[in-house]
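Examining the three-dimensional arrangement
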Amino acid sequence: MANQSSSSASIILCASFNQDNSCFAIGTRDGFRIFDSNTGKVFYERAIGAFSIVEMRYNSSLLAIVGAGEQASLSPRRLCLFNTMTGTALRELNFLTSILAVRVNRNRLVVVLQEKTYIYDSNSLVILDTIDTVANAKVFSGLCAFSPSLDSCYLAFPASTTKGSVLVYNVMELHSHCEIDAHRSPLAAIVLSSNGMYIATASEQGTLIRVHLVSQATKSYSFRRGTYPSTIYSLSFGPSTELPDILIATSSSGSIHVFFLGFILDQRSKRSSSLLGSMIPNSINDAFEPGYHDVLHNANPAGVKSYAMIRSIDKVASTSMSQVATAKACISIITYNGYFQEYSLSFDHLNEPLWSLEREFNLLTVVPDNINNS
């Protein structure tokens, strides 16, 4: 890995992937850039000032962008729907307080403020609902999770400032779906699977990661990330349309943690066939089992914020008689001191992982290729 200095940990102000992980965007104090995830090439950039939010709508030319407030023309209270093809604003929405997060899919636009969340029709921009939320500006400003699937389109956000409960809201049908009591301490990280079936949470302690089935809010798997507290920077499910094969987490320790969900269910199905297994609750059997957890230590500088995404999981054929590789995951990581990393992770039936750093580059020094810079 390149020698990444942690002294410039805030070079990047925001980072996000689009809904199919084919592109990603970063916002800096100079502007924003959009990259092709597969090639690492910059295919759009705009250098007009600092941006705290840049959200894409699939592979379209539409962006939802919010200024960081460092320039008078880029207010953090103004959401701009921007067309990259024309380089012009299509529409602007102004709010009384700063915008903390924005989420979008083909039918819905979600705008998160400190104590209110607004739901819009993303095509007409008609406001559909306003949700009163708890103060959401502590460790992770604008903490929320969104599943873009139109069939199970959920928004999740903290339901309490004193404990780790999460409210799951149906964005398409416009009603509260459930509330999950996930942790004793306030939440620090939340993610929904792309199909909206599963939700993973971490508290400010950062020692436990829990996964809940959204349709049955009390059902959960528990994983111990570590013994000592650590800030969880990001959580990401694998892109499976059913049960995600794996869940990854990045933290302030600089390590990448991988939790094997598919392996758990395989063991549960075997155990449930026995009389003893059927009598023991799953939460007791599965909590903190080390065989379900792998760590890549010192992947990033400690204390540097990072954002990870499992872009793909491919089933692969047998490579040898001794070790049968069953899948390979492509994991992309953006560090807020300005780097992109891509790891491949192979794991087999014995749950033995093999990490490989496939590429790494500085996000700010990539030369744009045949684009019109604005």
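Throughout what follows, the structure given in this document is the object of discussion.

Time to look at the pattern of salt bridges. In the structure shown here, the tally under the stated rule is eight salt bridges. Salt-bridge contacts for E70 lead to R29; the nearest nitrogen and oxygen are separated by 3.0 Å. Pair noted here: E70 is in the loop between β6 (62-67) and β7 (78-83) and R29 is in the loop between β2 (23-28) and β3 (32-36), with a separation of 41 residues, a long-range link. For E70, a relative accessible area of 42% gives the class partly exposed. Judged by relative accessible area, R29 falls into the partly exposed class, the value being 39%. The salt bridge involving D181 is made with K163; its shortest N-O contact spans 3.7 Å. You can see D181 sitting in strand β16 (residues 175-183) and its partner K163 sitting in the loop between β14 (154-158) and β15 (164-170), a full 18 residues away along the chain. A residue is classified by how much of its surface remains accessible, and D181, at 55% relative accessible area, is exposed.

Attention now goes to the sheet that holds β3. In space, the four strands of this open sheet follow the order β1-β2-β3-β4, with antiparallel pairing throughout. The open sheet has two edge strands with one neighbour each: β1 (12-17) and β4 (42-46). Across the sheet, the mean angle from the axis of one strand to that of its neighbour is 15°, orientation sign disregarded. With four bridges joining them, β3 and β4 adopt antiparallel strand pairing. When the bridges of β4 are listed, R33 appears paired with E45.

All right, on to the packing of aromatic side chains then. Summed over the entire model, instances satisfying the criterion amount to twelve aromatic pairs. For the pair F95 and Y118, a centre-to-centre distance of 5.5 Å together with 45° between the ring planes defines the contact as tilted. With a gap of 23 residues between them, F95 in the loop between β8 (88-94) and β9 (101-104) and Y118 in strand β11 (residues 116-121) connect regions that are remote in the sequence. The two residues F95 and Y118 agree in class, both being buried.

The biggest cluster of nonpolar side chains holds 18 residues, and the ones touching the most others in it are I209, V211, F223, L235, F237 and L247. Residues in contact with I209, not counting those within four places in the same chain, are T201, A202, Y221, S222, F223, R225, I232, L235, L247 and F259.

Another aspect to go through is the side chain of S165. Residue placement: S165 occurs in strand β15. Beyond its immediate stretch of four places on either side in the chain, S165 contacts F157, P158, A159, S160, E179, I180, D181, A182 and L187.

A few words now on the sheet that holds strand β24 (residues 293-296). Taken in spatial order, the four strands make up an open sheet running β21-β22-β23-β24, and their pairing is antiparallel. Single-partner strands in this sheet number two, and they are β21 (232-237) and β24. Between one strand axis and the next, the sheet turns through 20° on average, direction left out of account. Pairing analysis gives four bridges linking strand β23 (residues 256-260) to β24, with the strands arranged antiparallel.

Reading the values: the criteria
- Per chain, residue numbering runs from 1 following the sequence as it is written.
- The predicted nature of this model means local features are confined to residues of pLDDT at least 70 and side-chain atom pairs, given and counted, to a pLDDT of 80 or more, with totals for whole chains, interfaces and linings taken over all residues.
- Side-chain numbers here rest on the full set of heavy atoms in the structure, without hydrogens or water.
- When a carboxyl oxygen of Asp or Glu lies within 4 Å of a side-chain nitrogen of Lys or Arg, that pair is called a salt bridge.
- Comment: elements are numbered from the N terminus, with helices defined as DSSP H or I runs of at least four residues and strands as E runs of at least two.
- The buried label goes to any residue with under 20% of its type's maximum accessible area, the exposed label to any with over 50%, and the partly exposed label to all in between, with areas taken from a 1.4 Å probe on protein chains only.
- Whether two strands pair depends on DSSP finding at least two bridges between them.
- Each axis is a line fitted through C-alpha atoms, and for a helix only the stretch in contact is used; angles between axes span 0 to 180 degrees, taken between their N-to-C directions.
- In this scheme Phe, Tyr and Trp rings, the latter by its six-membered ring, pair at centre separations within 6.5 Å, and the angle between planes marks the pair as stacked below 30 degrees, edge-to-face above 60, and tilted otherwise.
- Among the buried residues, those of types Ala, Val, Leu, Ile, Met, Phe, Trp, Tyr and Cys that are joined through side-chain atoms within 4.5 Å form a nonpolar core.
- Residues are treated as being in contact if the distance between any of their heavy atoms lies within 4.5 Å.

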